[in-house]
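Each chain is listed here by its residues.
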Amino acid sequence: MATLDRTDVLDLAALAPGGVTADTRPNYEGWIVDKARLIEVATAVRDQHGFDLLSSVTGVDYFPESMEVVYHAYRTIGGPGLVFKVQMPRQDPMEIPSVTRVWPGAELQEREIWDLFGIRFTGHPDLRRILTWEGFEGHPLRKDWREAFYEDDYKPLKSRWPEGHYVSAEEKSPYKDNLQFPPNFDPEKAVFDGEASLYGALAKYTTVDSGIKTDHVVLNLGPQHPSTHGVFRAAVVLDGETIVSLKPVMGYLHRNHEKIGERNTFLQNMPYTDRLDYFNSMSNNWGYSLAVEKLMGVQPPERAEYLRVIMAELSRIQNHLILIGMLLNDLGAYFTPALYAFEERELILDIFEAASGSRMMCNYHRFGGVARDLPDGVLEKIRGLVEERLPRKADEFERLLSENEILVSRMQGVKVIEGDNAIRYSMTGPVLRAAGVPYDVRRAQPYGIYDRFEFDVALRQHGDLYDSYLIRLDEIRQSLRILQQAVKQMPEGPIIAGKPQYQVRVPAGEAYGRIEAPKGELGYYVVSTGRQNPWRYHVRAPSFINITPLEKMCVGQKIADFVAILGVIDIVLGELDR
Amino acid sequence: MTQSELNSPGYEIPEDLQYAVSITTLDRLYNWGRRSSVWPMMFGLACCAIEMIAAQAARYDLARFGMEVMRPSPRQSDLMLVAGTVTKKMVPNIVRLYNQMPEPKYVVAMGACASGGGPFKEGYNVVAGVDKFLPIDVYIPGCPPTPQALIAGLIKLQQKIDRQSIRRVRWYQKGADTVEIPVPVLGPDLMDPRRFAEIKRLAAQNSAAQSDAPAEPAGKA
């Protein structure tokens, strides 16, 4: 599919003469835009050429020469994407215009770039640290920023391999811990921002003149809250029970995937992708192997393609089942639906365990194939699940829940988001489709062998909570359709192209691989310099980007609905904070 | 614990009273009650929390051990299962939650990350093991530990409870009935209040040898 992805379909250089040049580095694609012309080009790309979805914005530090911001835009009607970049000299202060006025979906992503690279976006509505905290020293994804436990730029570390000596990481730091402080730092005299800037960013409360003097309430939901699905936090301003303003706070599970990923060899990153969206390690693997395979130019054999589809679709089914169970949990049906969901999930996990050796962290994909073939009898088990048990269970969920009066009155008509707004805010996945936009990467730009299967893109029209719930059931049924075909057509043969190898040779260049993960569009942006490890490894996480319009969705709603809205967006913190 | 285990040997009970009277020690009765209703806090940090929920669900059914009552509030829980990666940004909240739990309280480090940083140890925002701040009773290895491993760990905790004596437990001693742990502060990096003086001394010492540590203090907010 590599050829489909070339962007020479659109000549940006002709669009803004003098402001755009083609990116001519070998194995790079797209355009380099002059930063003074960025907004002009972005607006034209969106309005004249229909690139309405800004999929990903990220930074790359080409130490020591330059800093680069990379934009990936797509059309929601499908087709190849457009890549353009803005380069700037690597000297503070680095500033470029924010594209949030063209694509509001860039808001959180630009905050992340500011936090991790220290590039300022002029005109950004709320440029604060996002994954680290205000007062954090330095910008960690810069190549010259080193953590306390730093040992070398490349793995395997020479101290450990091949001799296998082990030095406790704590010994490397003068503080005997994962800590570092500026010279002559005195903790007792230091003054910290704390959360002043967060509370300052919340909208000021204005009293409506109704004769009664009222006061606002600031409420923090999370990071320890049963309904935030992990360590997510929202600071909310309330008028009675109505939300006036809301700011998501994240980074409580920021595990530095991208910094660690730059040190790891290409294959070492595979198990790390498992831990992003820890419900769906099988699909996470796929996005990453797609990006690296594009660079390497390998094509997995047929059987491997089928195995990938089967695992990814099973993963989607269990993800949606858990979502429904947990959503009902949040709405007050305490744990009964969740227990139903977990019962089915266990059966699917059994298959993952049989195929990969692990229930959750499957580490199943390899570049050019998969790690292991199915053991005897597992295909029959899958067949039994997808042809009998799971369709029956989907109907059972439908019968138990979909017409439940409490559920319907709680969810029907509670607006989540309208379709066009969802696109502007770069939302992808089931919530976007529940708002009437039939955008699904499996159809918009098919990867793997999805072009062979007969299935519909599940679609609902209202964009309310109820449709966002129903679309999950629809998608489970479509996944079952794909699975039934895949199990029938599955060929015999090898499961990996060439010989399996620990150290893959990845040519220099860049690649963006994206898949339709259960939570939305999951993309990996990988830059290789030809060494054993990636120069840049970025994850476009659907959970993270889907909450960009969270404030917009919640303002005016009741506080109890916030929990339900967060529930249907389907966030998972491993991916949100990375 | 079965009837025979609860009964203390050494006292003969007449045969006609055997199903009406039990003789045991106070410690055994006390521990039997506590170990059979350890209420965990509903507190998940990362991937391990999903296996924790799976252990609660039908197939593994933690209810068999009296541990099914998950409490979202620390005030009502006995056990903190640190299920996932502890980050610097989160650790002040974890310590605060621990301080809010009433005695008797136990902490289990579930999985590689909570035990020692796990695969993310080198990360700049990761605390290499929650035991740098909290006293841990049981460590459970695995990434993530399977529900079976979690149950094995919790049985270990029950055995630990069994060995405690009401005369010696810290919450019945004179003085403060609970141990307050100073809440860490987020500055340029994570700061443990217990180490302020040490940090100041080391920061002054290192300012001379700073040349090989982080290059330039890149654009501060």
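None of these values were measured; they are calculated from a predicted model.

*Asks:* Explanation requested: the overall build of chain B in the structure shown.
*Replies:* When its secondary structure is counted, chain B shows seven helices and five strands. Traced from its N-terminal end to its C-terminal end, chain B shows the element sequence α-α-α-β-α-β-α-β-α-β-β-α. Within chain B, the fraction of its 221 residues that count as buried is 50%. Summarising the internal contacts of chain B: among those between residues at least 6 apart in sequence, 73% fall at separations of at least 24. For chain B, the accessible area works out to roughly 10000 Å², and carbon and sulfur atoms hold 55% of it.

*Asks:* What is the right way to look at empty space enclosed by the protein in this model?
*Replies:* Sizing a probe to match a water molecule and rolling it over the atoms shows the empty space that remains. Considering all chains together, one arrives at five cavities of 30 Å³ or more under this definition. Considering only enclosed or pocket space, the largest cavity measures out at about 70 Å³ in volume. Arg255 and Arg275 of chain A together with Cys47, Cys48, Gly84, Thr85, Ala112, Cys113, Phe120, Gly142, Cys143 and Pro144 of chain B together form the lining of the largest cavity. Residue assignment for the lining of the largest cavity shows that the elements contributing at least two residues are helix 3 (47–56) and helix 5 (111–116) of chain B. A breakdown of the residues in the lining of the largest cavity according to their chemical character gives seven nonpolar, three polar and two charged.

*Asks:* Is there a simple way to think about the side chain of Asn269 of chain A in this case?
*Replies:* All names here are of chain A. Within the secondary structure layout, Asn269 lies in helix 6 (residues 269–274). The class for Asn269 is buried, based on a relative accessible area of 0%. From its side chain, Asn269 meets the backbone oxygen of Gly261 in a polar contact 3.1 Å long. Those residues in contact with Asn269 that sit more than four places away from it in its chain are Gly261, Asn264, Tyr288, Pro534 and Tyr537.

*Asks:* Sorry if this is basic, but what is going on with the pairing of strand 7 (residues 119–122) of chain A here?
*Replies:* For a regular strand, side chains alternate in direction, first toward one face of the sheet and then toward the other. Residues and elements named next belong to chain A. Alternating residues of strand 7 divide into Ile119 and Phe121, all buried, and Arg120 and Thr122, none buried. Both strand 6 (residues 94–97) and strand 7 contribute to a ladder of four bridges, which runs parallel. Looking across to strand 7, one finds that Ile96 is bridged to Phe121. Note that the unit made of strand 6, helix 3 (residues 107–117) and strand 7 has a crossover that is right-handed.

Basis of the calculations
Residues numbered from 1 in each chain as written. Chains lettered and ligands numbered in written order. Predicted model: local features only at pLDDT ≥ 70, side-chain atom pairs only at ≥ 80, totals over all residues. Heavy atoms only, no water. Helix = DSSP H or I, 4+ residues; strand = E, 2+ residues; numbered from the N terminus. Buried < 20%, exposed > 50% of the residue type's maximum accessible area, 1.4 Å probe, protein only. Contact = heavy atoms within 4.5 Å. Areas by Shrake-Rupley, 256 points an atom, 1.4 Å probe, with all protein chains shown as cover. 1 Å grid on protein atoms, 1.4 Å probe; cavity = no way out; pocket = protein on both sides within 12 Å on 5 of 7 lines; lining within 4 Å. Points joined across faces, edges and corners; volume = space filled by probe spheres on them. Nonpolar A, V, L, I, M, F, W, Y, C, P; charged D, E, K, R; others polar. Polar contact = N/O pair within 3.5 Å; in protein donor to acceptor, adjacent residues only side chain to side chain. Pairing = 2+ DSSP bridges. Right-handed = clockwise from strand over helix to strand, strands pointing away.

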